[in-house]
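# Structural features, examined
So the chains spell out like this:
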Amino acid sequence: MLNRLIPIAFTSGLMAAAWPWGAIAQESASPPAPARQEENWAVHGQATLVTQGVLGFRSPYDGPNSLTPRQVRETIDATVYVGMRPWRGGELWINPEIDQGFGLSDTLGVAGFPSAEAYKVGKASPYLRLQRFFVRQVFDLGGAAQPVAGAPNQLAGKQTVNRLVVTIGKFGVGDAFDTNRYAHDPRGDFLNWAIVDTGTFDYAADAWGYSTGAAVEWYQGPWTLRAGAFNLSKVPNGETLERNFSQYQLVGEIEHRHEIAGHAGAVRLTLFRNHGRFGRFDDALALASLGGGVPDTSLVRRRMTRSGVSLNVEQEVTGTLGLFARAGIADGAIEPYDFTDIDRTVAVGGQLDGRAWGRGGDAIGFAAVVNAIAASHQRYLRDGGIGLLVGDGRLPRPGQELIGEAYYDWQAVRGIHVTLDYQFIAHPAYNRDRGPANVVALRLHGAF
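Residues numbered from 1 in each chain as written. Predicted model: local features only at pLDDT ≥ 70, side-chain atom pairs only at ≥ 80, totals over all residues. Heavy atoms only, no water.

## Considerations on the overall build of the protein chain
Along the protein chain, the regular secondary structure elements total 4 helices and 18 strands. Whereas a compact globule of 448 residues would reach a radius of gyration of roughly 22 Å, the protein chain reaches 21 Å, a difference of no more than 12%. Per element, the accessible surface of the protein chain, about 17,500 Å² overall, is 62% carbon and sulfur. Between the averaged position of the 41 positive side-chain charges in the protein chain and that of its 44 negative side-chain charges there is a distance of 2 Å. (Helix = DSSP H or I, 4+ residues; strand = E, 2+ residues; numbered from the N terminus. Rg over C-alpha atoms; globule rule 2.2 N^0.38 Å. Areas by Shrake-Rupley, 256 points an atom, 1.4 Å probe, with all protein chains shown as cover. Lys, Arg positive; Asp, Glu negative; His and termini not counted. Charge placed at Lys NZ, Arg CZ, Asp CG, Glu CD.)

## Regarding the side chain of aspartate 178
Along the polypeptide, aspartate 178 turns up in the loop between β7 (163-171) and α2 (193-196). A distance of 2.9 Å separates a polar side-chain atom of aspartate 178 from the backbone nitrogen of threonine 198. When residues no more than four places from it in sequence are discounted, the contact partners of aspartate 178 are His184, Asp197, Thr198, Phe201, Glu253, Thr270, Asn312 and Arg326. (Polar contact = N/O pair within 3.5 Å; in protein donor to acceptor, adjacent residues only side chain to side chain. Contact = heavy atoms within 4.5 Å.)

## Digging into the pairing of strand β2 (residues 71-84)
Pairing of strand β1 (residues 41-54) with β2 involves 14 bridges; the strand directions are antiparallel. By the bridge assignment, alanine 47 is partnered in β2 with alanine 78. Here β2 pairs with strand β3 (residues 90-101) via 8 bridges, running antiparallel. Counted as the bridge partner of aspartate 77 is aspartate 99 from β3. (Pairing = 2+ DSSP bridges.)

## A few points about the environment of histidine 427
Structurally, histidine 427 can be placed in the loop between β17 (416-426) and β18 (437-447). Residue histidine 427 is classed as buried on the basis of its relative accessible area, which comes to 18%. Remark: the alpha-carbon pair of histidine 427 and arginine 70, spanning 357 residues in sequence, is separated by 17 Å. Residue contacts for histidine 427: discarding those within four places in its chain leaves Gln400, Glu401, Leu402, Arg432 and Arg434. (Buried < 20%, exposed > 50% of the residue type's maximum accessible area, 1.4 Å probe, protein only.)

## Section: empty space enclosed by the protein
For the structure on display, the rule yields 4 cavities of 30 Å³ or more. Class assignment for the residues of the lining of the largest cavity results in 14 nonpolar, 4 polar and 9 charged. Roughly 80 Å³ of volume is contained in the second largest cavity. If you trace the second largest cavity, you find 15 residues lining it, with Thr75, Gln100, Gly101, Glu117 and Tyr119 closest to the centre. For the lining of the second largest cavity, the secondary structure elements donating two or more residues are β2, β3 and β4 (123-140). Among the residues making up the lining of the second largest cavity, the classes are represented as 6 nonpolar, 5 polar and 4 charged. (1 Å grid on protein atoms, 1.4 Å probe; cavity = no way out; pocket = protein on both sides within 12 Å on 5 of 7 lines; lining within 4 Å. Points joined across faces, edges and corners; volume = space filled by probe spheres on them. Nonpolar A, V, L, I, M, F, W, Y, C, P; charged D, E, K, R; others polar.)

Encoded structure:
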């Protein structure tokens, strides 16, 4: 399958001159095209192939959700972004996508999973899905007019500094919330789940990372307030979303943009509140103790709320160096629902632009993240419980999950990028008895 699909990726990439992958706000490996006269329609596309392998590591035992040593897996996706302007200030976008492949151990075994290009479902044959279908309306509220560059999911034109933006339909919560200039695009920068997003941000999503709902953004000078409501999946980590908000997420964010010595930066504070049928770890443990079985949160689910908060910072330091940091905390007594098994997280890192050594278009990235879970979450895994991504069948010596990632992104020609990525994972799935794991990846990405 890999041999059959590699030519597809290269052929697709060579068809175009610039392939940034797009979400609604910012997710591109290359700068968007300069703004021109207002576009009434646009078509963009991208294709990304990631081949990732893990070397041998200490593994005295394993469970149903363990990372397996000595394996190589690949994923590929190809997306078309089709947009039109049906009326003034409005945009309508659809994003059909072809996906194929598997993450390491079927995307299991590490809470900070090493490839955000690997979805929670994997298939050997390519399949088509409509990942995004949304309408966006921009209401200008005054202030200076500024150009808007054409990019995937963004038509070229103009908008005022002060504005109200409303997005309704199917899209990713991360398209509008918890964005970061240096770490938010697994097709262009870091690959690890807990680096491209805050690990504790249990955002509403199906197994591919998308949800249905609405987001409202109010821009006023250097400030932005965001709020959104989204459907959770019908069951944790599920493929099917709710349709009537019977299980839902409310999310809010405040952002402040600033300059320090002429260098741009931003600070974002994000809060989420999930409401649905969740299970408490202690309830699952108590039920299992009565029958002598393995704890299972699916047996004790009832309607309740799980919340979390995170801080996200980005700062340009020089013309070629930018730094970022994320930190988050979520309710560790209740099972995570749609993202991954992380209750506490801190991530720091940076990106160095290739102009620093005469290679404009290239980039070096470096980051480290520490993930942790609450005491009741540890007890649940210790007694054999299974989480969204982790579960070694036992956890006699719990510890923090420590991850480092570094990459070199080489622009072969404009719009065609080749990236070498390395990750070091100590205590995968919070287990001191297993690992450390060394993970290497090759990413090929093209866009127009």
